[in-house]
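The primary structure of each chain is shown beneath.
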2 protein chains.
Amino acid sequence: MCAQATTLVNGQAVSSIDVHDRGLQYGDGVFETIAVHHGKPLLWERHMARLCLGADRLGINAPADALLRSEASALCAGASRGVLKIVVTRGSSGRGYAAHGVSNPTRVLSLSAWPDYPHEFARNGVSICICDTVLARNPALARIKHLNRLEQVLARAEWRTEYADGVMCDDQGNVVECTMSNIFLVSKGELRTPEIFACGVEGVMRAVVLDAAKQLNIRLQVGRITIDDLRNAEEIFLTNSLIGVWPVRQLQDNDYVIGPVTRKIQQGIRDAHCFDRL
Amino acid sequence: MCAQATTLVNGQAVSSIDVHDRGLQYGDGVFETIAVHHGKPLLWERHMARLCLGADRLGINAPADALLRSEASALCAGASRGVLKIVVTRGSSGRGYAAHGVSNPTRVLSLSAWPDYPHEFARNGVSICICDTVLARNPALARIKHLNRLEQVLARAEWRTEYADGVMCDDQGNVVECTMSNIFLVSKGELRTPEIFACGVEGVMRAVVLDAAKQLNIRLQVGRITIDDLRNAEEIFLTNSLIGVWPVRQLQDNDYVIGPVTRKIQQGIRDAHCFDRL
């Protein structure tokens, strides 16, 4: 990567943005975090679909797919492994929330090192906690990956290194997701995951897993999940675009086996997407 | 203002920040919007108190008051009127929500022109709407002026220029605030404003008005307010640090007089704080 840019702002090899950018001022934008393998951003179409969903919801003109694809390719060329983050904001404006006429979005692509998650996380499972910080319910901001992430920041501040992630509930006690991943459980052989309706992010890897479960004829339920459901589960696993599938072996005082459904899903997404993380 | 900086980032006369700043990445920071009059930021102590409350809540080391004061003075010198915005973020970090060890906050001070609100707004009142966009309830983020402002952006996008502001409720139907101001009503001679507990910003001018009401021996109730309470009110007014007090003359189909309590409050804050906006 010597002498090659690691950040592109609107196509330019710079690493700063205007202080009047609404991404900074209001978190007025969306982002994607994408695994890069042999110079190629993985699951590109799915990431772009969610980016566009989020931009549409916020009324931001998403940059053309071809433009982002070409900048991503330039940035990732030569990276055997890495993480590509794409931020799209509404752009710069004067003071005030009104955004009428603000039509020049800012795009920030940055490439960073592959995180040093231990290999045994995918193989032998992780330990997770339950966060006190709750997710506020607002369907207008649910499903999309917007830049208003203070709830995740506060939740992540509840532990240091002792857990791989933390479960977050909404203020009605529904399990929604973890700070950086979606969550699945297996109960009586059925795979279950929270519906993402009032809060939470509809993860790209979550969608991959749901598709894999259908292909593998695993019984599936997307709906309401409580902390008790997690405690009583046979298996639990976490998903995101970088980790793939991490089995959970411990949720506070409860221990879990890494069971057959989790292993089938891990195998399924590896076969379907060359997602070789084990 | 010729040849004088209008933006200071960590004391430097530049107008850009690092793309890895957590203010952009997560909205991980707080801000203040301060009226400037004859080179002086008004209500400085109150703004700093709220900035510190917000920074404390998020676990950000707020810059020292003396440092911000000296940079604000330098920036505002010579501005007969203007708006000083101070943004304090947690600073730059690597990827991921974890912020342990991130201890170098970013401060952005920017001076912009005084907004061209018509003078008659304060004298003759404004027309406001009721927003469909709701405020999600999360006490961890309530009261403080953090950088996660997508709800306000979405609410403000519901109208263009036909209203001066829009009322926002939480998802339980409680009136909380307007997109850029706090709201008060008068009912049977009593001044009432929503309690800021589960969502909303505890405005600096709201606090000034509450203090003024006590000094003026106006009966006061801070608690739950519904849209029906607004409809049935005798008087309504809005407050923020730039507008001071704007009487409301119309809320959708309901008309209001600009009554004696509103005028007393306007007079009271003018006397107490040289807040000469009429």
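Check the entry above for the structure.
Computed from a predicted structure; not experimentally measured.

Q: Help me out: how do you make sense of the overall build of chain A in this one?
A: Within chain A, the regular secondary structure consists of eight helices and 15 strands. Rg of the C-alpha trace for chain A: 19 Å, near the compact-globule value of 19 Å for 278 residues, within the 12% margin. Projected onto the principal axes, the alpha-carbon positions of chain A cover approximately 55 × 40 × 35 Å. When the 278 residues of chain A are sorted by exposure, 59% land in the buried category. Pairs at least 24 residues apart make up 73% of the contacts formed inside chain A by residues separated by at least 6 positions.

Q: It is not clear to me how unusual backbone geometry should be interpreted in this structure. Could you clarify?
A: It is generally the case that most residues other than glycine have a negative phi and that most peptide bonds are trans. All names here are of chain A. Even without being glycine, Arg143 reaches a positive phi, approximately 80°. Relative to the elements of secondary structure, Arg143 occurs in the loop between β7 (126-130) and α5 (150-156). Unusually for a residue other than glycine, Asn217 sits at a positive phi of about 55°. Inspection of the secondary structure puts Asn217 in the loop between α6 (204-215) and β12 (220-223). On the basis of relative accessibility, which here comes to 71%, the residue Asn217 falls in the exposed class.

Q: It is not clear to me how the sheet that holds strand β1 (residues 7-9) of chain B should be interpreted in this structure. Could you clarify?
A: As a general point, the strands of a sheet are linked pairwise by backbone hydrogen bonds and lie either parallel or antiparallel. Residues and elements named next belong to chain B. The sheet built from five strands is open, its strands ordered β1-β6-β5-β3-β4 with antiparallel pairing. Each end of this open sheet is capped by a strand with a single partner; those strands are β1 and β4 (40-41). Bridge analysis of strand β5 (residues 81-89) against strand β6 (residues 106-112) gives seven bridges, and the strand direction is antiparallel. The residue of β6 that forms the bridge with Lys85 is Ser110.

Q: Any chance you could explain the interface of chain A and chain B here in plain terms?
A: Often the size quoted for an interface is simply the accessible area lost on bringing the parts together. Listed by partner, the interface residues are 56 residues for chain A and 56 residues for chain B. Taken together, chain A and chain B are joined by zero salt bridges. Among the elements of the structure, β1 (7-9), β2 (16-18), α1 (22-26), β3 (29-37), α2 (44-58), β5 (81-89), β6 (106-112) and α5 of chain A are those that each provide at least two residues to the side of chain A that touches chain B. Class assignment for the residues of the side of chain A that touches chain B results in 26 nonpolar, 17 polar and 13 charged. As paired strands, β2 of chain A and strand β2 (residues 16-18) of chain B are joined by three bridges and run antiparallel to one another. By the bridge assignment, Ile17 of chain A is partnered in β2 of chain B with Ile17 of chain B.

Q: Help me understand the packing of aromatic side chains, please; the structure alone is not making it clear to me.
A: Describing an aromatic ring pair means giving the distance of the ring centres and the angle of the ring planes. Residue and element names in this part refer to chain B. Summed over the entire model, instances satisfying the criterion amount to ten aromatic pairs over all chains. With centroids separated by 4.9 Å and ring planes inclined at 90°, the aromatic side chains of Tyr117 and Trp246 adopt a geometry described as edge-to-face. Pair noted here: Tyr117 is in the loop between β6 and α4 (120-124) and Trp246 is in strand β14 (residues 244-251), with a separation of 129 residues, a long-range link. For Tyr117, a relative accessible area of 25% translates into the label partly exposed. Looking at Trp246, the relative accessible area reads 3%, which means it is buried. Aromatic side chains Phe121 and Trp246 sit 5.0 Å apart centroid to centroid with 85° between the ring planes, which places their arrangement in the edge-to-face category.

Q: Before we go on, may I ask you to explain the environment of Arg46 of chain B in this structure?
A: Residues and elements named next belong to chain B. For Arg46, the location among the structural elements is in helix α2 (residues 44-58). When the C-alpha positions of Arg46 and Met205 are compared, they lie 9.1 Å apart, and in sequence the two are 159 residues distant. A polar contact of 2.7 Å, which involves the side chain of Arg46, links it to the side chain of Asp211.

Q: Mind showing me how you'd approach α6 of chain A here?
A: Residues spaced three or four apart along an α-helix face the same direction, because each turn holds 3.6 residues. All names here are of chain A. For α6, which comprises twelve residues, the first-to-last C-alpha distance of 17 Å matches the rise-based estimate of 16 Å (1.5 Å per residue) to within 8%. Buried within α6 we find Val204, Met205, Arg206, Val208, Val209, Leu210, Ala212 and Ala213. In the segment just after α6, Asn217 is the residue with positive phi, at about 55°.

Q: Explanation requested: the pairing of strand β11 (residues 190-194) of chain B in the structure shown.
A: For a regular strand, side-chain orientation follows a simple rule: the groups alternate between the two sheet faces. All names here are of chain B. Within β11, five of the five residues are buried, which leaves it mostly tucked inside the rest of the structure. Going residue by residue along β11, you find Glu190, Arg192 and Pro194 tucked away on one face and Leu191 and Thr193 tucked away on the opposite face as well. Relative to β11, strand β10 (residues 182-187) runs antiparallel, the two sharing three bridges. Along β11, the bridge assignment pairs Leu185 with Arg192. Where β10 folds back onto β11 in an antiparallel hairpin, the turn is made up of two residues, including Lys188, whose phi is positive at roughly 50°. Bridge count between β11 and strand β12 (residues 220-223): four bridges; the pairing is parallel. Residue Leu191 lies in a different strand from β12, and its bridge partner there is Leu220.

Q: Whenever I open this one, the state of the cysteines confuses me. Can you help?
A: A covalent bond between the sulfur atoms of two cysteines is what we call a disulfide. Residues and elements named next belong to chain B. A complete count under the given rule lists zero disulfides over all chains for this structure. For Cys52, which is in no disulfide, the shortest distance to another cysteine sulfur is to Cys76 and amounts to 18 Å. Take Cys76: its relative accessible area is 0%, and that puts it in the buried class.

Q: Sorry if this is basic, but what is going on with the pattern of salt bridges here?
A: Where charged atoms from two side chains of opposite charge come close, those side chains can pair. Residues and elements named next belong to chain A. What the rule picks out here adds up to 22 salt bridges over all chains. Of the charged contacts, one joins Arg69 and Glu45 as a salt bridge, the two residues approaching to 3.5 Å between their closest N and O atoms. You can see Arg69 sitting in helix α3 (residues 65-76) and its partner Glu45 sitting in helix α2, a full 24 residues away along the chain. Residue class for Arg69 comes out partly exposed when judged on its relative accessible area of 36%. Here Glu45 falls in the exposed class, since its relative accessible area comes to 54%. The partner of Arg69 in a salt bridge is Asp65, and the shortest N-O contact between them spans 3.2 Å. Taken together, the residues span about one helical turn, with Arg69 and Asp65 both in helix α3 at a distance of four residues. Relative accessible area serves as the criterion here: at 32%, Asp65 is assigned to the partly exposed category. By sharing partners, the salt bridges in this structure join Arg22, Asp28 and Arg90 into a single network.

Cut-offs used in this document
- Residues numbered from 1 in each chain as written.
- Chains lettered and ligands numbered in written order.
- Predicted model: local features only at pLDDT ≥ 70, side-chain atom pairs only at ≥ 80, totals over all residues.
- Heavy atoms only, no water.
- Helix = DSSP H or I, 4+ residues; strand = E, 2+ residues; numbered from the N terminus.
- Rg over C-alpha atoms; globule rule 2.2 N^0.38 Å.
- Buried < 20%, exposed > 50% of the residue type's maximum accessible area, 1.4 Å probe, protein only.
- Contact = heavy atoms within 4.5 Å.
- Pairing = 2+ DSSP bridges.
- Salt bridge = Lys/Arg side-chain N within 4 Å of Asp/Glu carboxyl O.
- Nonpolar A, V, L, I, M, F, W, Y, C, P; charged D, E, K, R; others polar.
- Phe/Tyr/Trp six-rings, centres within 6.5 Å; stacked < 30°, edge-to-face > 60°.
- Polar contact = N/O pair within 3.5 Å; in protein donor to acceptor, adjacent residues only side chain to side chain.
- Expected span 1.5 Å × (residues − 1).
- Disulfide = S-S within 2.5 Å.

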